[in-house]
Structure formats: structure tokens, C-alpha cells
Amino acid sequence: MPSSSESRYIRLEVINGKNLRLPSYRIPAGIHVSINVDSRRRWRSSISVLSYDESVAWGNTVTLSSYASPALSVEIRASYEADRMLGSGEIVGKLQMSWDELLDHGDEPFNLSFPLVRGVHPSLTLKAAVVHACDDQDGALSDFLVDCKIARDTDAGHAQFVEYVTSENVSHLNAVVEHFQLVLDQCPVSHPDHATALTNLAWARLIGYIRNDLQDIDATISLFRDALALRPQRHPDHSLSLYNLTEALTWRHNKKDTAADIREAAQLYHELLPLCPEGTYLRSIATGANGVDYMIGGCNNLLIDASDEGIHLRRVVLELCPLGHQLRPTALDRLAQAVEARFEQHGSIDDLDTSIQLGREAVFLCPEGHADRDAYLNNLAISLVSRFIHQGKPNDLDEAISLHEEALRLRPVGHKYRDSSLSNLGGAFIARFNKRGDIDDITRAISLHRDALTLCPPGHPCRDATLNNFALALAHTIRYYKLDVNEDLNEAIDLYRECLRLQQHDHPQRHVTLRNLSSVLCSRFTQTHENKDVEEAITLCQESLAALSSLHPARYFSYMQLQKAYSSRYEILHDPADLSLAIENFRLASGHPTHGFPNRIQTALRWADEAEDHQHDSALEAYQVCLELFDSHVMTRSSIISRREAATAFRGAQSLSVDAASCAIHWNNLRHAVELVEQGRGQQWSLASRLRTPIEDLESANPKLAHNYLELSQLVSNAAQSSATITDRAAADWAAIEYRRLTRWWEAVVAEIRGLRAFSRFLLPPLYEDLQAAARQGPVIILIASQYSCNAIIVPTLGDPHHVPLPSVTLADLKILKDRFTRAIRHASRMNPTELRTDLIVLSRIIWDVIMLPIVNVLEHVLKLKRRSRIWLCPTAAFTSIPLHAANPFQTKADRSGKEPCLEDLYICSYTPTLSALIRSRQLMKKRVAPSFVAIGQGQPGGGKGKALLAVDSELELVHKLVPATAKRTTISGDAATRAGALEALQGNTWVHLACHGKQDPAQPYDSHFVMKDEHLTLLDIMEKNIPHAEFAFLSACHTAVGDEKTPDEVIHLAAGLQFSGFKSVVGTLWEVDDAVAKHVVKAFYMNMFEDLKDGGAMDCTKAAWALNCATHAVKTKVPLEQRMVFIHIGV
């Protein structure tokens, strides 16, 4: 080895460093190594980012000459700038060593340990070797930094900073501030180091503030803000400047509890963390307990803010809590509460669904044993009760009660929040009592509220809310038992008054107490007739309304309470002004846009009832509002089954369309009566058909808009079908949100279409002029069975509709007639085929005399309708259960020349579920393809699926022979007649004959089905298929045209399902078919259907009604009366 006196070139590699803690505790932009060879020259490594474990990797190499100096200085320095440095940075460690010491380790890497810093020894890993002067040099000495005052003052400031941090001597702080202020004074705004000077001064002041040696934090934060403004995005020091500002804001929040600071810190952290690579020291500090976690905790402790800004903050906080983060459940819960609070102010159901989704995740992340599970259970349950009140889903209420009960178990006697759980569970029981009327629910609610009140003595912060809840439970008990004025009623009034005294005028729930006190005062007025009670009740309600913004959802309840007060006073004093005011509040409540549809629908129904009872001229308006609300509400449900559940949830809604039509008839508005009965009838079909509306005219007028409409219609339809199979509640909630999102887009496109000339009524309820198209080939007779009156309206081909009163028929009469028919059919099925069906004859005569004869008189004498013309029957409500086509006088003519003609002797009768269905079928007739005929039969359905149908195979053979050879004929039977096989055949053929068991499901009509070899072919299966080219179906099966008893005006049966899927003409059955005799009707039908095809005619499904009429006449001697009456024709 050469002697130390010789000049040598030494190649030095700086590999890495460890335990690199800064004496000042500041976060550096990076760490570098400085090799000082003499007083004028030094080499500096690259500035490398500090890792989370306080290590740095460099891999820099320099070739040095030992000629200039016998020794060298090795320094580890922290830089607070990633690129351009001001000064030399803060010293982390410094060592003086000779060249020989450097070369004493051979060619192997070695560690160089530095003096202790904050409990650890910083170290460097180096590698040194002697090289020839001509070797390439990766690094070279550079001139020493310019020895300027700015640099000297900065380095002196860093040194004093370390002294202050380690000694806590304020004089050092003053020196730091003085040095850094001098630097700032020398670096004006235009100076490239201005941001660095601002930052150094700000950090010195911040540490002084943290240690209570300085008080002015506001000026410090301003310095950090100015520095950040000079380091925008993509500046190498942008992320560090973000962190610096968050640290200052966090400390001001820590000492002053300023909410604005923690909110701003959250936004800054949200911007900062994506800029901090994993594994860096900055990220480890930012995501640590004193960084983002402190900020999250501070934000979680903020008051719930329902503003858009407040919710945005909660979303930011949640994004900063990834899966697995210990604070994620709290962040979820706080966001859920904020979103629900916005729902309470504005009424958007999306907010409530989102709140429930967030609440479910919070509960999921806190299994049994988690300290906060009770709180998250409670909050989720509250949201579910809110959704029940808003949307009326009973499952929500049952789930809420279950969650509240679990929360109560987790809050035993002595728990500080037990009173809250008792009250909340009691409130849920009250909600269920209002829905189901179970006295056990209200009894338990009172018990729970009493227990809660004992835990909230005078002075307790929750006493006002507990008083209000207990009084509400008492009020419900009084109404249930219809008690006279007693201690409970007076106690409820006293409780509400005490609650009001405890609430300041700006209390957020004061409007609820005002409204509830008004309610019990009204109850007392109706019993005592003390006018002061009702006057106070009205004043309280008006005060409640004044406390709420114009779109606050709770205004609905105040409108309804005002309505109750005015109605109560009207019932006692009979002042017409009070009735008008009551009606006006019905109008305001049902039209309040931010409240849920279920309550508004119930209100409109009550409005209609009140208007009917008092013969008020607003009745028709009430019905119209109700129909529109009903349509909007049902459209929010994604699946067909959930739509039916929504439709059957309202008492009185089943008769809505017929009562509305009856009202219009009463007010001599027949055109509107037709429109109303159409709008409210077959609503399930009309909602579904909106997504299949033919749009040829729109495609010509605006192809792009037509494309958008078709595309969105398909998306909405797909979402509806997929949601029907979801059983998980959380997944169902997300599906509902997605469905509503798609529906809003769809509605926006529909609105755009309506803006086009000639499309202003696109998908709106049709007007009479549009509906009259249904009578183009013969009059349509709408039979209206209302609780107020029974009538028929005849829609002629031209001109105004004709009213046919049916004064001899009441709704009760029709129900009796239906029951008698059911018994008569059952009895006839056990009789010998040749026996006289006396009961059926009597009933057919009644139908003729009291229902159809008055209609026939108008058809013959007013409309001059020729015999054997076609007519369409459109029965509603109780009329749907009666075989109107079988009306028959069974009477000899007065001149003894023969029998009096029956309805089917006079006219060719068809049925239609709605006028729109008939119009739609005719529109689809424009698209015809070459006919193909499939006969599907299943006579051996298998165990448990019904008895064998022995005549099915022979019926299929018969049909095959009768169908013309020009049609493409196929037969599917036996093992091939499966659910999938039948569905494929329905889609692939234009004409279908089905011979099998058919079953109408009374509990769930969409499960009505044809029995196949393996699985049932359900109505829902059929509805989900769109077969626009289909033409005719003959359903030789039982119960294929029998509607749903709960919703008769929805016409939910198999025949209607086939018509909806695309079949224009359908023959169905009203009750059980005897397959042994049905083949006689089948044979006669097809013989008449295809008789003129021998002369080269085309298969025509519009002949089906005529062919069926001829067939039933032809088989009179072979087929008993009930088996001729069982077949009906539906469609074109």
C-alpha cells in the first residue's frame, strides 16, 4: 500500500445510511452525504428520500484525490428542499477521518457510525478503493457553495434550531427566529428561495408554539400557506409543503379546538397521501397516530353537518380510512349520519339508501364484542325506520326492531345510552303499530318509553325528547281504544307542554313537539268541543310550519295536522271555510315533493274519501293526484314482484281507478272517466310496457334520441330483472340505488322526447282521443264496479262515450254473484254431461238482465251496431270475476218463434285487459312474418304436479292435422315439454297451442304457471320475454285468464302475460277445463279458424274471436254449458 504522504486517487462509494434521525424532529425532503476535502471543495451526494425505517439508499460514487489534504470530513445532512437547497441543510452527523482510516477496510463495504442522535447512532455504509487517476469518475468535487450571507444565516438558523429543540432554552428560539427572519428579509417574493425561507421561519415559530414559547399561531399558518402557494402541484416540494401546513393546522386545532382547521387538514391530507409513495418516512409520519389518524379522530368528533360541504368532508375522511383501518367504522357511521341528516332536510331517497349501506358496513366491521357495536346498530336501525316511513317497506321495520333489540341488550342497566335505546325501540314499535295495528306493539312501546323517562329526570339533556316520545305513545293508545277524555290524554298534553318548555325556539326538534301537541289538543277538542283547544292546535301547527324551510320533508306532517284540525272543527261547527282549508292542506301534503310517496298516496286517498263524503268538487283532483303518485311510487320499485307488493300495500288503492271513474261519471265527465280507469287499471302492465313501446315514428324524427331511449330502456329492464333474484339486503339496496340512477337517466331522455313537436305526450297517460283507437274495429265496453256506483261506458268507433247506468247492481251484488258462480261451476263439474245446469242458467240470466241487457239496448238502438259485429269487454274490479260473455236470457220469444238471442248470438265477444293493450297489439300487427305453429303438450307432468291428462296427446294430434300444411308445424310433448323447451318454442313460433295443467297462484300471481315435465313455466318467465312477432296462442289449460283477487284491476294472469310478451290474440280459460271434452271445442275452433285456407287464404289471428264463437255454438250438444263458457278470447 502506498504511504500516506503520496498522492492517491480514492474511489468512494456511498451505499446507504441507517438510523438517520434528525435532531430537530423536522420532516426532511431528503438526506445527502457531504465529503469535505478542504476548505474550498466538497462533494455532495444526491438528495435521497428518507424511508419509513429511517434509512436511505444512495449508491453514489466519487473519485477523490488525497493530495490536497491529509484528512477529510464526512457529514450526513438533512435537506428541506428536494431540489434547490438554501444553505447546507441540518447536520445529522459529522466525522473527521484520515485517508488511511478510509482505506483500512480493503475492498469490502464497511459501516461508519456517527455520534448519538435521539437515542440512536446514525451510520453510513461505504466502500473505498485506490484507483488510477485515469479511471472514469462518476462523481467529482465541486466548488464549495458560494459563501453568502443567506446561506450562512440559514445554516446558523438550523444549528440554533437544534440547540433550541435539545435545550428548550427560549434564547435559542429567539436566535432561530432572528436568523430565519434575516434570511426571509434577504429573499423577497421574487427570490427563488423565498418559499424555503418562509418554511424555515414557520417551522421555528410552530415548534415555539407547540412548546408554549410563542402564542401567535395564525401568523405561522400564514407563512406555511404562502410557501405552499409558491410550490404548486408538480413542484418537487409540494407534498412537503402540504404536510407542513397540515401540521400547523392540526396543532392549532389541538390547542384551540377550531373545527375549520381540522376540516381543512382533512382536505390537505386527502391531497397529500397520494403524493407520498409507500415506504417513505413522510408517508409513515403522515399516516401515523399524530398525522392523519389524529385528523380523522378530530373530524369524527365534529358535529354532524348535512350540507354538501359537510358530506364531502365525511367522504374525504372515509377515503382516508381504507379497509382494515381501525377508524373506518366510525368514519362510515359519521358519513351515514350526515347523509341521513341531508335526507331529513331534503327528502332524497338516495341519501337514505346510502346511509343504510354505510351503516351496514359499519355494523359488519364491528362484530360481537366490539366496543362501539351498540352505537352502530342503533344508528342503522334509525335509518331503516326512516326508510320504512318514507317508502313503506315492512322488511325495513322488522329489521330495525331486531337491531334496536340487540343494541338494547348491549346497553344494560347503568349504561349511559340505555335511555336512548329504550326510546328508539319504543319508536320503532309505534311505527309498526301504525302499520299493522297490533296492540302488543303499542303496549310494549309505552312500557319502553316509561322506562326511558325514568332514566331522564329533570335536568337530563335528553328529557325533552323522551317526554315527546312517551306522550306520542300515549296519544296512539288513546286513538286505538277511542277513549273518552281521561288521564292519559291530559297526561300526554302535559308531557308535550313540559317538553316545549325545555326546548329553545331554535331547537331542531321543536317543530315536532309543536305538531304533536297540536294533535292531542285536536283529539281533546273532538271530545269536549272546547274551541280554545282547536284554535291552539291550529296556531301550534302554523308555528311548526314557520320553523321549517319550504322543502323540508317534515312540512308534510304539519300540513296533515292542520288538515286534521280544520276537519275536526268543520265536523263540529260546519263552517264551509274549514272544509276548504282542510282540503287545501290535503292538497299541500299530497303534493309536498320531498316527502315519501307512501304517505302522500295515503293522504291523497283520504282526500278523495273526504271529498266524496262531503260532495266536494276537489274529489276528481284528489283521484288524479293519487293515480299520479301511485304511478311514480310503483315505478321506483325495480322488480315486477316488488311493484305488486307496493301496489297492494295501500288500503283503498285496489278500487282507486274505478272510484275515480265513478267520480268522473258523477260529474258528467265521461271522457275523463275513460282516461282515469285506463290510467289506474293494469298499471303493472303499463309500467312494464313503457320499456317496450314501439318507436318507429321517433326513429324517423330523431334517430339518435330513439337509440338512447331504446338503450336505456334495455338497461332499466335488465336492472329490474336482475334485482328480482337478489336476496342479500345490502346487495338489494345497492341494486335499488342503481335502478333509480338508470331510471332518472331514462326519465331525462323521455322528457327530451316530449320536447319534440308531435311527441309531447310520449308515454303520458293517454287521452280519450288516443284511447278511442281501441274501438276502431268495434265498440269497447268498460264495466266499472265502484263502491259508489256501478256503470258501463261504451267507447264507440267515433264520437263521445256513452254512459250506461247499472242501477240494479251494487258492488256487494257482484261479489255475491261471483260466489254463486264459483259454487255453480264446482257443482256442474260433478254432474253428468247431459244434466241441465239450472244454477248456471239462472246466473247467466241475471248477468243478462241486470248488466248486459242495458248495454245491448244502447248498442242496438243508439249506436245501431249490426248483429255479429265485434265488441270488446273491459271489465274492472268485481266484474272481472264474472263471465260476462255468457250473458243469456234463456227465454223463448214472445211470439214463440224461438229462443231470445244471447250476447254471443248478437255479437262476437272479446275481452281486453286495457284499451292500451288492445291498441298496442294492433300496432304490433304491422310487423308480420311467415307463420310457424307449435303445439306444446304435457299430459304426464310427474309426481306431485297434478293428475295425468289422458287426452293431451290426442288433442295435439288433432291440432297438428287441422293446422294447414303451409305453416311450419312442430309438436313438443312428453319429456321434451320442459320449461326451457316451452320457452324456446314460445320465442321461436308465431302461433302456439298449449295443452297442459295451468294454475293461478292466488298468493303470488306472478308465480301462476303452466306445468311442464321438469319446472313450472311461470307468468314471470313469460313476461320477461319480448316476442314482437308472436300472433296467436290457444291455452287449453285451467285458470289461464283468472285475475288476482287482491288486485283485480291489474289483470295479472297467464293469458294477459302472453299478450304482454307479444301475442296479439289469445284464447284462455276462466276455470278448470275437462281435457276429455275440451278437444271438441279445440277441433271446432281450428276448423272454423282455417276453413278458408283451402282457397289460398293466409293464417289470420284476428279471426280467433269469431272462430271461438262459432266453436261454442257448434258443440252445444257435445259439451256441457260450463265447459263452453270457460273459454274466452282476449286481444285483436
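Residues numbered from 1 in each chain as written. Predicted model: local features only at pLDDT ≥ 70, side-chain atom pairs only at ≥ 80, totals over all residues. Heavy atoms only, no water.

Focus on the overall build of the protein chain
Threshold: Strands are runs of DSSP state E lasting at least two residues, helices are runs of H or I lasting at least four, and both sets are numbered from the N terminus onward. Should any heavy atoms of two residues lie within 4.5 Å, those residues are counted as being in contact. Working definition of accessibility: Shrake-Rupley area with a 1.4 Å probe, residue cover restricted to the visible protein chains. Charge counting treats Lys and Arg as positive and Asp and Glu as negative, with His and both chain ends excluded. The atom standing in for a charge is NZ when the residue is Lys, CZ when it is Arg, CG when it is Asp and CD when it is Glu.
Looking only at helices and strands, one finds 43 helices and 23 strands in the protein chain. Considering only contacts in the protein chain between residues 6 or more positions apart, those separated by 24 or more positions represent 70%. Within the structure as shown, the protein chain displays about 48100 Å² of accessible surface, and the carbon and sulfur contribution to it stands at 51%. Between the centroid of the 115 positive side chains of the protein chain and the centroid of its 137 negative side chains there is a distance of 7 Å.

A word on the sheet that holds strand S1 (residues 9-18)
Worth spelling out the cut-off: For two strands to be treated as a pair, DSSP must find no fewer than two bridges joining them. To obtain an axis, a line is fitted to C-alpha atoms, over the contacting stretch when the element is a helix, and the angle between two such axes runs from 0 to 180 degrees between their N-to-C directions.
Strand order in the open sheet made by the 4 strands is S4-S1-S8-S7, with antiparallel pairing throughout. At either margin of the open sheet sits one strand with a lone partner, and together these are strand S4 (56-65) and strand S7 (110-113). In this sheet, adjacent strand axes meet at a mean angle of 30 degrees when their direction is disregarded.

Some points on the confidence of the model for the protein chain
Inclusion rule: Think of pLDDT as the predictor's per-residue confidence, scored from 0 to 100.
With 92% of its residues at a pLDDT of at least 70, the protein chain reaches an overall mean of 88. Per-element confidence in the protein chain ranges from a low mean pLDDT of 48 for strand S9 (residues 142-143) to a high of 97 for strand S12 (residues 802-805).

Side note on the packing of helix H19 (residues 510-528) against helix H21 (residues 555-573)
Stated formally: An angle below 35 degrees is treated as roughly parallel, one above 145 as roughly antiparallel, one from 65 to 115 as roughly perpendicular, and anything else as oblique. Take the far helix as your reference; a near helix turned counterclockwise from it by less than a right angle gives a left-handed crossing, and one turned clockwise gives a right-handed crossing. When residues are grouped by polarity, Ala, Val, Leu, Ile, Met, Phe, Trp, Tyr, Cys and Pro land in nonpolar, Asp, Glu, Lys and Arg in charged, and all others, Gly among them, in polar.
Running from N to C, H19 and H21 point in directions that differ by 15 degrees, and their axes come no closer than 10 Å. Overall, the two elements H19 and H21 adopt an arrangement that is roughly parallel. In this structure, the crossing between H19 and H21 has a hand that is left-handed. For the pair formed by H19 and H21, the contact residues are Arg 515, Ser 518, Ser 519, Cys 522, Ser 523, Phe 525 and Thr 526 on the first element and Phe 557, Ser 558, Gln 561, Lys 564, Ala 565, Ser 568, Arg 569 and Ile 572 on the second. Partitioned by chemical class, the residues of the contact of H19 with H21 number 5 nonpolar, 7 polar and 3 charged.

Describing the pairing of S1
In terms of strand pairing, S1 meets strand S8 (residues 123-131) through 9 bridges, oriented antiparallel. Following the sheet pairing, Ile 10 is matched in S8 by Val 130. Judged from the 8 bridges that link them, S1 and S4 form a sheet pairing that is antiparallel. If you follow Tyr 9 over to S4, its bridge partner there is Ser 65.

Some remarks on the packing of aromatic side chains
Rules: Two rings from Phe, Tyr or Trp (for Trp, the six-membered ring) form a pair when their centres sit within 6.5 Å of each other. Planes less than 30 degrees apart are called stacked, planes more than 60 degrees apart edge-to-face, and all others tilted. The buried label applies to any residue whose accessible area, calculated with a 1.4 Å probe on protein chains only, is under 20% of its type's maximum; exposed applies above 50%, and partly exposed to all values in between. Only lysine NZ and arginine CZ atoms are considered, and such an atom sits over a ring when it is within 6 Å of the ring centre and within 35 degrees of the ring normal.
For the structure on display, the rule yields 13 aromatic pairs. Relative to Trp 746, the ring of Tyr 709 has its centre 6.1 Å away and its plane inclined at 35 degrees; by these criteria the two rings are tilted. With Tyr 709 in helix H30 (residues 703-723) and Trp 746 in helix H31 (residues 729-754), this residue pair connects regions lying 37 residues apart in the sequence. Note on accessibility: Tyr 709 and Trp 746 belong to one class, buried. Between the aromatic rings of Phe 1034 and Phe 1085, the centroid separation amounts to 5.1 Å while the plane-to-plane angle is 65 degrees, which identifies the pairing as edge-to-face. Of this pair, Phe 1034 sits in strand S21 (residues 1032-1036) while Phe 1085 sits in helix H41 (residues 1075-1089), and the two are 51 residues apart along the sequence. The side chain of Arg 741 reaches across the aromatic face of Trp 745, ending 4.3 Å from its centre.

Comments concerning the sheet that holds strand S20 (residues 1017-1018)
The strand order across the open sheet built from 3 strands is S18-S19-S20, with neighbouring strands paired in antiparallel fashion. Pairing within the sheet leaves two strands with one partner each, and these edge strands are strand S18 (998-999) and S20. Here 2 bridges tie S18 to strand S19 (residues 1009-1010), and the two strands are oriented antiparallel to one another. Within the sheet, the bridge partner assigned to Lys 999 lies in S19 and is His 1009.

A few points about the state of the cysteines
To keep things clear, this is the line we draw: Two cysteine sulfur atoms make up a disulfide if the distance between them is within 2.5 Å.
Enumeration according to the criterion identifies 0 disulfides in this entry. Cys 187 takes part in no disulfide bond, and the closest cysteine sulfur to it belongs to Cys 148, at a distance of 8.8 Å. Of the residues examined, Cys 187 reaches a relative accessible area of 0% and is grouped as buried. For Cys 1110, which is in no disulfide, the shortest distance to another cysteine sulfur is to Cys 909 and amounts to 13 Å.

Points about unusual backbone geometry
With a phi close to 60 degrees, His 574 is a non-glycine residue in the positive phi region. Tracing the backbone through its elements, the reader meets His 574 in the loop between H21 and helix H22 (576-590). Taking the relative accessible area as the measure of exposure, His 574 reaches 52% and is therefore exposed. Even without being glycine, Asn 668 reaches a positive phi, approximately 60 degrees. Within the secondary structure, Asn 668 is located in the loop between helix H26 (656-666) and helix H27 (670-680).

Structural notes on helix H42 (residues 1104-1114)
Among the 11 residues that make up H42, 8 are buried, leaving the element largely enclosed by the rest of the structure. Every buried residue of H42 is accounted for by Ala 1104, Ala 1105, Ala 1107, Leu 1108, Asn 1109, Cys 1110, Ala 1111 and Thr 1112.

Re helix H16 (residues 439-454)
Stated formally: Expected helix span is given by 1.5 Å per residue-to-residue step, counting one fewer step than there are residues. Nitrogen and oxygen atoms within 3.5 Å of one another constitute a polar contact, given that in protein one can donate a hydrogen and the other can accept it, and given that sequence-neighbouring residues count only through two side-chain atoms.
For H16, spanning 16 residues, the distance from its first C-alpha to its last is 23 Å, which sits close to the expected 22 Å at 1.5 Å a residue. Three or more residues of H16 are buried, namely Asp 441, Ile 442, Ala 445, Ile 446, Leu 448, His 449, Ala 452 and Leu 453. One side-chain oxygen at the N-terminal end of H16 lies 2.9 Å from the backbone nitrogen of Asp 440; it belongs to Asp 438.

Notes on the environment of Glu 610
Position of Glu 610 among the secondary structure elements: in helix H23 (residues 597-613). Taking the C-alpha atoms as reference points, Glu 610 and Ile 695, 85 residues apart in sequence, are found 42 Å from one another. Excluding residues within four positions of it along the chain, Glu 610 makes contact with Ser 567 and Phe 586.

Quick notes on the packing of helix H5 (residues 217-229) against helix H6 (residues 238-256)
Closest axis-to-axis distance for the H5/H6 pair is 9 Å, and the angle between their directions is 160 degrees. By the angle between their directions, the pair H5 and H6 is classed as roughly antiparallel. When you trace H5 past H6, the crossing you get is left-handed. Here Ile 217, Asp 218, Ile 221, Phe 224, Arg 225, Ala 227 and Leu 228 of H5 come into contact with H6, specifically with His 238, Ser 241, Leu 242, Asn 244, Leu 245, Ala 248, Leu 249, Arg 252 and Lys 256. Split by residue class, the contact of H5 with H6 holds 9 nonpolar, 3 polar and 4 charged.

Quick notes on a positive patch on the surface
The condition is simple: For patch building, the residue pool is restricted to those with more than 30% relative accessible area and no salt bridge; the joining distance is 9 Å between like charges and 5 Å between nonpolar side chains (Val, Leu, Ile, Met, Phe, Trp, Tyr). One side-chain nitrogen of Lys or Arg within 4 Å of one carboxyl oxygen of Asp or Glu is enough to make a salt bridge.
Residues Arg 820, Arg 823, Arg 826 and Arg 830 make up a contiguous surface patch of positive charge. Tracing the backbone through its elements, the reader meets Arg 826 in helix H33 (residues 811-828).

Here we look at the pattern of salt bridges
Enumeration over the complete set of coordinates arrives at 41 salt bridges. Arg 387 is the salt-bridge partner of Asp 353, the closest N and O atoms lying 2.7 Å from each other. Residue Asp 353 is located in helix H12 (residues 349-364), and its partner Arg 387 is located in helix H13 (residues 373-391); the two are separated by 34 residues in the primary sequence. Just as Asp 353 is buried, Arg 387 falls in that class too.

Points about the side chain of Asn 888
Tracing the backbone shows Asn 888 in the loop between strand S13 (869-875) and helix H35 (903-906). Since its relative accessible area comes to 15%, Asn 888 is described here as buried. A distance of 2.8 Å separates the side chain of Asn 888 from the backbone nitrogen of Phe 890, its partner in a polar contact. Residues contacting Asn 888, with those up to four places away along its chain left out, are Ser 844, Arg 845, Trp 848 and Cys 902.

Describing the side chain of Gln 938
Locating Gln 938 in the fold gives a position in the loop between strand S15 (932-937) and helix H37 (952-962). A distance of 3.1 Å separates the side chain of Gln 938 from the backbone nitrogen of Gln 940, its partner in a polar contact. Excluding its chain neighbours within four sequence positions, the residues that come into contact with Gln 938 are Leu 949, Val 952, Gly 974, Ala 977, Ala 995, Cys 996, Val 1011, Met 1012 and Lys 1013.

With respect to the environment of His 993
Mapped onto the elements, His 993 comes out in strand S17 (residues 991-995). By relative accessible area, which is 0% here, His 993 ends up buried. Sequence separation of His 993 and Asn 378 is 615 residues, and the distance between their C-alpha atoms is 57 Å. In contact with His 993, not counting residues within four places along its chain, are Phe 933, Val 934, Ala 935, Ile 936, Glu 955, Val 959, Phe 1034, Ser 1036, Val 1082 and Tyr 1086. In terms of polar contacts, His 993 uses its side chain to reach the side chain of Tyr 1086, at 2.8 Å.

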